[in-house]
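Here is how the chains run, residue by residue.
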Protein chains: 2
Amino acid sequence: MLAQRSTIRHNPGVPVHIDSQGATALLAREVAALSLADLPPGVRTAAKLCVLDVLGVAIAGSREPVTEVVRTALAADGTSAGTGDAAILGRPESVRALDAALVNGTAAHALDFDDVAAAMGGHPSAPVLPAALAVAQSRGLSGAALLTAFAAGFEVECRIGAALTGHYERGFHTTATVGTLGAAAAAARLMRLDAEATARALGIAATQAAGLKAMFGTMCKPLHAGRAASAGVLAALLAEQGMTSADEPLTAHQGLAETQADGFDDTFITPFGEPWYVPQALFKMHASCYLTHAPINALLRLREEHPELPEETDTVELRVSAGHLHVCAIPEPRTALEGKFSLRFTAALALAEGTADESRFTTATVTDPRLTALRDRVTVVPDEHLTQWNGTVTVTTSNGATYRGEADTGTPNWVDDPGEQTPGLLAKFHGLTEPHLGEARAKKLSSAVLALDTLEDLTELTTLASPLP
Amino acid sequence: MLAQRSTIRHNPGVPVHIDSQGATALLAREVAALSLADLPPGVRTAAKLCVLDVLGVAIAGSREPVTEVVRTALAADGTSAGTGDAAILGRPESVRALDAALVNGTAAHALDFDDVAAAMGGHPSAPVLPAALAVAQSRGLSGAALLTAFAAGFEVECRIGAALTGHYERGFHTTATVGTLGAAAAAARLMRLDAEATARALGIAATQAAGLKAMFGTMCKPLHAGRAASAGVLAALLAEQGMTSADEPLTAHQGLAETQADGFDDTFITPFGEPWYVPQALFKMHASCYLTHAPINALLRLREEHPELPEETDTVELRVSAGHLHVCAIPEPRTALEGKFSLRFTAALALAEGTADESRFTTATVTDPRLTALRDRVTVVPDEHLTQWNGTVTVTTSNGATYRGEADTGTPNWVDDPGEQTPGLLAKFHGLTEPHLGEARAKKLSSAVLALDTLEDLTELTTLASPLP
């Protein structure tokens with residue numbers, strides 16, 4: 001589905017000029033020109049599902065400690081009320097767009113339950129939707145404008161993320177860095193900046209792009225998405241007022257690629273159109289690290305085919321890519337968060353309970369003797385033949401039978417149309433938001449999102465997502 | 001004066017663990033513990049001169065287009081008034097500390113006329129003072145607290161900047177990146193964060209640190225200082241509210257050094273004390289690129305010794321480090337800004353007028369036939385024996401005499417006490433601020449800065465610097 005990578009490598013750290021033939025200018029022209037009519041039906045559907053997904057996880061994430069920290073820190077420095085206020089999701093406050101983007105972006109990534117884009121190598125929607133929503137709301141724009149801008153940001157992110165070879169591997173959190181450019185693209189589109197000003201916004205974003213993978217496991221990881229959203233909005237606001245930036249900031253001498261990647265593969269820098277990246281979004285249907293999902297999916301399928309399995313299981317062997325052992329192999333988790341990064345626990349959970357949804361990640365479940373007894377019979381084996389997206393499982397029962405399964409999480413979960421994912425994503429959305437919004441309000445909100453392209457203004461949507469206390 | 005560099009190099013781009021033995025923790029302890037009494041008299045004097053210098057250039061820079069862009073963009077997104085307002089220098093508005101730091105930090109670097117620190121490899125005061133002033137003012141703190149925090153930020157910046165080997169050479173604008181950590185240190189000190197919270201603030205700063213040298217020559221360069229100031233304030237605000245970050249963000253796997261430097265030389269990570277870096281600040285006494293200063297100084301001295309020189313000059317040869325040819329060798333500048341980056345023009349100006357102060361950089365002067373005729377007789381020769389701080393000049397007169405001179409701009413301009421620089425810096429301050437503030441107000445303001453350690457609150461100072469319209 002993705003173009004073949006023909007990486008232009010250079011010696012890391014050694015300044016070279018990367019001849020890009022106008023990558024930023026090309027993307028800026030595409031962003032400035034994109035209209036809703038340019039989005040094929042499947043892309044439009046997929047974009048709405050991304051909005052639904054990230055909105056749900058952001059509302060649930062709005063009460064997480066990291067989100068409270070960001071909200072409180074901003075308030076401690078003075079209010080930011082004024083014309084064009086933007087909602088804080090899940091809360092009654094409205095603030096300026098820059099602040100709403102920061103808080104909501106953090107909330108969107110607080111549970112690490114938002115969507116993934118393989119091309120980008122990160123989480124595409126958490127930086128883009130909060131930026132776009134804040135700008136669209138504060139400027140009184142339509143749902144169609146929001147959806148178009150969201151798609152523009154998503155497409156820009158995936159193209160740049162794919163082009164920046166070795167960026168994530170070097171230690172940069174792509175959701176933070178490339179996310180800033182995606183957020184800037186979406187904000188620029190909503191501000192109706194022309195191609196020239198949009199290119200400047202991308203440059204102002206590129207020089208603000210930051211975020212270290214060393215921060216994984218701390219509150220800074222979700223903060224990265226908030227910072228990307230807010231920095232992207234700032235970039236567009238500054239470009240709107242006439243700020244200048246360097247031409248071709250991605251590929252210029254001492255630009256983003258040269259300083260923070262192994263090279264720049266401009267075969268990925270294509271006009272919007274096939275391949276569209278929005279329909280390739282990978283949604284997390286389990287509330288744990290994405291790398292635990294392939295074994296979970298394989299076990300859920302075995303369980304469906306053999307309902308007796310949970311009772312009869314003796315041992316479980318998981319085979320995964322070796323890199324997983326550094327990310328999600330906590331052998332005996334003690335907290336809910338540790339449980340999300342435990343291949344053994346999530347496998348036991350999936351096999352025993354038939355789900356790994358957000359409600360199951362509690363200290364009580366993680367330390368439940370029935371589950372830990374099963375967990376202790378799970379072994380994790382690194383397998384060099386597997387990619388990061390694949391996993392295999394072998395379940396042996398007490399009466400000597402053996403069941404094998406495998407799963408692939410690198411391709412999206414639809415065949416003919418992205419809309420096939422709607423029921424599952426609606427279930428996820430309602431599971432996440434009903435505890436905060438109530439059933440009726442959550443239902444109205446999901447309906448509004450699925451009709452986003454027809455909403456004349458966003459007041460109803462943001463009011464539903466930001467209930468009065 | 002600086003410790004010998006014994007760089008720990010690693011293969012750029014290849015992740016390695018850098019064993020730092022707690023660099024961030026050490027600096028955080030120093031910041032949290034620093035009090036005014038710890039600053040020797042010379043350091044205290046030097047810190048006040050840095051504040052005087054950066055305040056002067058920021059007030060003059062407050063009317064520059066880039067500063068207006070930032071101020072207007074923030075206002076377009078809604079006001080940010082509230083408790084604890086902080087002044088915008090040179091303007092009547094007060095805003096939240098985060099915004100004041102962004103606007104004033106940009107203003108401080110808008111003219112590229114603020115101080116330089118060789119150890120840091122950048123401009124130390126432009127990110128730190130605006131952050132510290134905004135926090136101190138918004139929290140009603142004293143001049144002594146401000147001065148202490150400023151020194152803490154400056155010392156942190158120089159130590160980290162010196163330790164991050166190859167950072168600037170890779171294309172990172174140290175004023176932006178390391179500046180974020182300096183601003184965070186100063187803000188943390190003013191918030192009275194303990195060592196543990198200060199370390200978290202430095203981590204939150206490190207993961208926001210960004211700024212590309214590709215942006216030099218655009219408005220993003222001064223924006224970098226503003227972003228560093230504001231991101232540093234945000235880091236401290238978030239740490240104050242309990243945000244977590246990674247231990248040892250500078251040297252952790254996939255931390256700042258590993259992703260953005262050749263190595264980390266922790267011989268520079270020392271407790272505060274000798275060497276103090278604040279007295280090593282290099283002040284720009286001419287309003288042009290710092291790399292033009294050595295030839296200017298050499299010519300000014302020759303002119304003083306031989307008052308007849310300007311009339312009798314036939315040719316001038318400048319010898320400079322080869323790198324200068326890529327930075328400040330515009331042969332025939334046409335605008336004031338181009339004039340600042342022209343070795344030939346600045347040499348002609350110094351020789352003909354005996355000064356290169358801000359008032360001389362106008363389109364009229366740059367294109368004045370009398371000066372361009374002299375400029376056209378200046379040649380620039382790269383010399384591999386010279387460092388970036390040194391320059392030599394040879395003036396040949398029409399009657400065949402030859403005069404040689406040289407200058408070094410890498411060491412500060414004092415012998416026994418940093419206070420020797422006071423008259424020159426007062427003249428610079430008044431030249432920059434009187435057009436904006438008037439003579440009486442500027443005089444009161446410079447007196448207030450030179451008594452900063454005795455000011456019980458900063459209201460008078462900020463009121464003087466932020467006149468009503």
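The structure displayed is predicted, hence computed values, not measured ones. Here the residue numbers are simple positions, counted from 1 along each chain's written sequence. All chains are assigned letters beginning with A, and all ligands numbers beginning with 1, in the order in which they are written. Side-chain atom pairs in this predicted model are given and counted only at pLDDT of 80 or more, local residue features only at pLDDT of at least 70, and totals for whole chains, interfaces and linings cover all residues. Water and hydrogen atoms play no part in the side-chain values, which are based on all heavy atoms of the structure.

Another aspect to go through is the interface of chain B and chain A. Contacts are assigned to residue pairs with any non-hydrogen atoms lying within 4.5 Å of each other. Tallying the contact residues gives 63 residues for chain B and 63 residues for chain A. Counting each side, the surface lost to burial between chain B and chain A is near 5100 Å², with a carbon and sulfur contribution of 60%. Looking at the side of chain B facing chain A, the largest losses of area belong to Asp-77, Arg-96 and Thr-207 of chain B, adding up to 14% of the total buried there. The term salt bridge refers to a side-chain nitrogen of Lys or Arg lying within 4 Å of a carboxyl oxygen of Asp or Glu. Across the chain B-chain A interface, the total number found is four salt bridges. Where Asp-99 of chain B meets Arg-96 of chain A, a salt bridge forms, and the shortest distance between an N and an O atom there is 3.0 Å. Secondary structure follows DSSP: runs of H or I at least 4 residues long count as helices, runs of E at least 2 residues long count as strands, and numbering of each begins at the N terminus. Contributing elements (two or more residues each) for the side of chain B that touches chain A: α3 (65-76), α4 (97-110), α8 (195-206), α9 (220-240) and α10 (256-260) of chain B. At eight residues, the largest contribution of residues to the side of chain B that touches chain A is made by α9 of chain B. Two parts placed together each lose some accessible area under a 1.4 Å probe, and adding up what both lose gives the buried area.

We now examine helix α2 (residues 41-61) of chain A. Helices are assigned an expected span. That span is 1.5 Å times one less than the residue count. Over its 21 residues, α2 of chain A runs 30 Å from end to end, which matches the ideal 30 Å to within 8%, given 1.5 Å per residue. Counting buried positions along α2 of chain A gives 18 out of 21 residues, so the element sits mostly inside the fold. Buried, partly exposed and exposed residues are distinguished by accessible area as a fraction of the type maximum, computed with a 1.4 Å probe on protein chains only: under 20%, between the cut-offs, and over 50%, respectively.

The share of residues in chain A with pLDDT of 70 or more is 94%, and the mean pLDDT across the chain is 92. The low-confidence segment residues 1-17 of chain A, where pLDDT is below 50, has 41 contacts with residues more than four positions distant or belonging to other chains. By definition, pLDDT measures how confident the predictor is in each residue, and it falls between 0 and 100.

Attention now moves to the sheet that holds strand β5 (residues 313-320) of chain A. Residues and elements named next belong to chain A. Strand pairing follows a simple DSSP-based rule, namely that at least 2 bridges must link the two strands. Strands sit in the order β6-β5-β7-β8 across an open sheet of four strands; the sheet is mixed. Each having just a single partner strand, β6 (378-382) and β8 (402-408) make up the two edges of the open sheet. Taking the axes of each pair of neighbouring strands and ignoring which way they run, one obtains an average angle of 20 degrees across the sheet. Bridging between β5 and strand β7 (residues 390-397) involves six bridges; their strand directions are antiparallel. Directly across from Leu-318, in β7, lies its bridge partner Val-393. Note on method: axes are straight lines fitted to C-alpha atoms, helices fitted across the in-contact stretch only, with angles between N-to-C directions ranging 0 to 180 degrees. The sheet contacts of helix α11 (residues 293-305) involve β5, β7 and β8, and relative to β8 the element is tilted by about 130 degrees. Contacts from helix α14 (residues 343-353) reach β5 and β6, with the element oriented near 130 degrees to β5.

All names here are of chain A. It is at 8 Å that the axes of helix α17 (residues 422-437) and helix α18 (residues 439-450) come closest, and there the two elements cross at 140 degrees. What the angle tells us is that α17 and α18 run oblique. Crossing geometry of α17 relative to α18 is assigned as right-handed. Note on element contacts: α18 touches α17 through Glu-439, Arg-441, Ala-442, Lys-443, Leu-445, Ser-446 and Leu-450, opposite Thr-422, Leu-426, Phe-429, His-430, Thr-433, Glu-434 and Leu-437. We call two directions roughly parallel when the angle between them is under 35 degrees, roughly antiparallel when it is over 145, roughly perpendicular when it lies between 65 and 115, and oblique otherwise. By convention, the crossing between two helices is left-handed when the near helix turns anticlockwise from the far helix through less than a right angle, and right-handed when the turn is clockwise.

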